[in-house]
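Chain and residue survey
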Amino acid sequence: MFIFTYFGSLIVNFIDQLGGIVILASKALINVFKGSFRIKQTIDQFYTIGVTSSFIVILTSLFIGMVEALQIYHGFQKFGAENMIGYTVAVSLGRELSPVFTALMIVARNISAMSAEIGTMKITEQIDAMEVMAVDPINYIVTPRIVATVVMLPFLVALSNVVGNIGGYIVGVFILKVNSVSYIDNIKQYLDLSDLTYGFIKAAVFGLIISSIGCYMGLNTSKGAKGVGLSTTKAVVVSSVAILVADYILSAFLF
């Protein structure tokens, strides 16, 4: 009986939190369509999520492209297909690696901070004070963060694509001595615009999911400073898992 009770409570808690996240995201999107969200706070979040995260995205994407080119070369060399490294790196970055790894970096850097910030506001009763002053916390706090994450993540993915392909080119051409003309020509010939578009769609969906989770965990913080830490941890773990699950579902649907 204990096992059934334990797993039953997990399922109930999962459904309860999933419903809360969906409702929170829906309220934020309604504010967007109504045009009632805060412009200044949204622009501030554009800078926080987009500009300040650029360096870590550039750094990780460069080495992802380099490692991928190195690994692909050793596989393709057995079949004499070294010239296809460029296309393979480009398509895998565009479809999968750039959206997923960029979203994970945003989770580690921004969603964790987002949850901690909102959680601190919750336990210090700042959110209660907003409600007393007839200020909608979702409109003031949540909507700008969700909008900024959804808008900026595709731009960061585009940056990741560029830097990752540069890293792949450096390893492929200068280290592994692949013909530079063939490397570029194969990308031009075989890479479709849809390969990049699918990645941008994934990025926008990931942005909606992870920002909604981060805000939800922050708004449901309790038990003081310890609760802030727990909410931040849950936001990072749940967001990371959600990215991987959503990636499979989107890949199956888009491709």
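Anything mentioned here points back to the structure above.
Everything numeric in this text was worked out from a predicted model, so none of it was measured.

1. Section: the overall build of the protein
The helix and strand tally for the protein stands at 9 helices and 0 strands. Starting at the N terminus and ending at the C terminus, the protein contains elements arranged as α-α-α-α-α-α-α-α-α. Taking the principal axes of its C-alpha atoms as reference, the protein extends roughly 65 × 55 × 30 Å. When contacts within the protein are restricted to residue pairs at least 6 apart in sequence, those whose partners lie at least 24 apart make up 85%. Surface accessibility of the protein: about 13,200 Å² in total, with carbon and sulfur atoms responsible for 71%. Each charge class in the protein can be summarised by its mean position, and for the 15 positive and 14 negative side chains these summaries are 4 Å apart.

2. Re the nonpolar core
Among the nonpolar cores identified, the biggest contains 38 residues, and Val-142, Leu-153 and Phe-206 are the most heavily contacted of them. Contributing elements (two or more residues each) for this core: helix 1 (2-34), helix 4 (85-123), helix 5 (126-132), helix 6 (137-175), helix 8 (193-219) and helix 9 (224-254). The element contributing the most residues to this core is helix 6, with 9 residues. Among residues more than four places away in sequence, those in contact with Val-142 are Leu-24, Ala-28, Pro-137, Cys-215 and Leu-219. Listed in part, the 14 residues of the second largest apolar core include Ala-69, Val-89, Val-173 and Ile-187.

3. A closer look at helix 4
Along an α-helix, residues three or four apart share an orientation, since each turn contains 3.6 residues. Along helix 4, the helix axis deviates most sharply at Leu-93, where the bend reaches about 60°. Taken from the residues just after helix 4, Glu-125 is the one with a positive phi, measuring 65°.

4. Considering the side chain of Thr-102
By the secondary structure assignment, Thr-102 is in helix 4. What makes Thr-102 buried here is its relative accessible area of 3%. Setting aside its immediate chain neighbours within four residues, Thr-102 contacts Val-57, Leu-97, Leu-153, Leu-156, Val-157 and Ser-160.

5. Observations concerning the packing of helix 3 (residues 54-76) against helix 6
Axis separation between helix 3 and helix 6 bottoms out at 7 Å; the angle between their running directions is 40°. In terms of orientation, helix 3 and helix 6 fall into the oblique class. For the element pair helix 3 and helix 6, the recorded crossing hand is right-handed. Along the contact surface, helix 3 presents Ser-54, Val-57, Ile-58, Ser-61, Leu-62, Gly-65, Met-66, Ala-69 and Leu-70, while helix 6 presents Leu-156, Leu-159, Ser-160, Val-163, Gly-164, Gly-167, Gly-168 and Val-171.

Cut-off values and rules
- Residues numbered from 1 in each chain as written.
- Predicted model: local features only at pLDDT ≥ 70, side-chain atom pairs only at ≥ 80, totals over all residues.
- Heavy atoms only, no water.
- Helix = DSSP H or I, 4+ residues; strand = E, 2+ residues; numbered from the N terminus.
- Contact = heavy atoms within 4.5 Å.
- Areas by Shrake-Rupley, 256 points an atom, 1.4 Å probe, with all protein chains shown as cover.
- Lys, Arg positive; Asp, Glu negative; His and termini not counted.
- Charge placed at Lys NZ, Arg CZ, Asp CG, Glu CD.
- Core = buried A, V, L, I, M, F, W, Y, C linked by side-chain atoms within 4.5 Å.
- Buried < 20%, exposed > 50% of the residue type's maximum accessible area, 1.4 Å probe, protein only.
- Bend = angle between axes of the 7 residues up to and from the residue.
- Axes fitted to C-alpha atoms, helices over the stretch in contact; angles between N-to-C directions.
- Parallel < 35°, antiparallel > 145°, perpendicular 65-115°, else oblique.
- Left-handed = near helix turned anticlockwise from the far one by under 90°.

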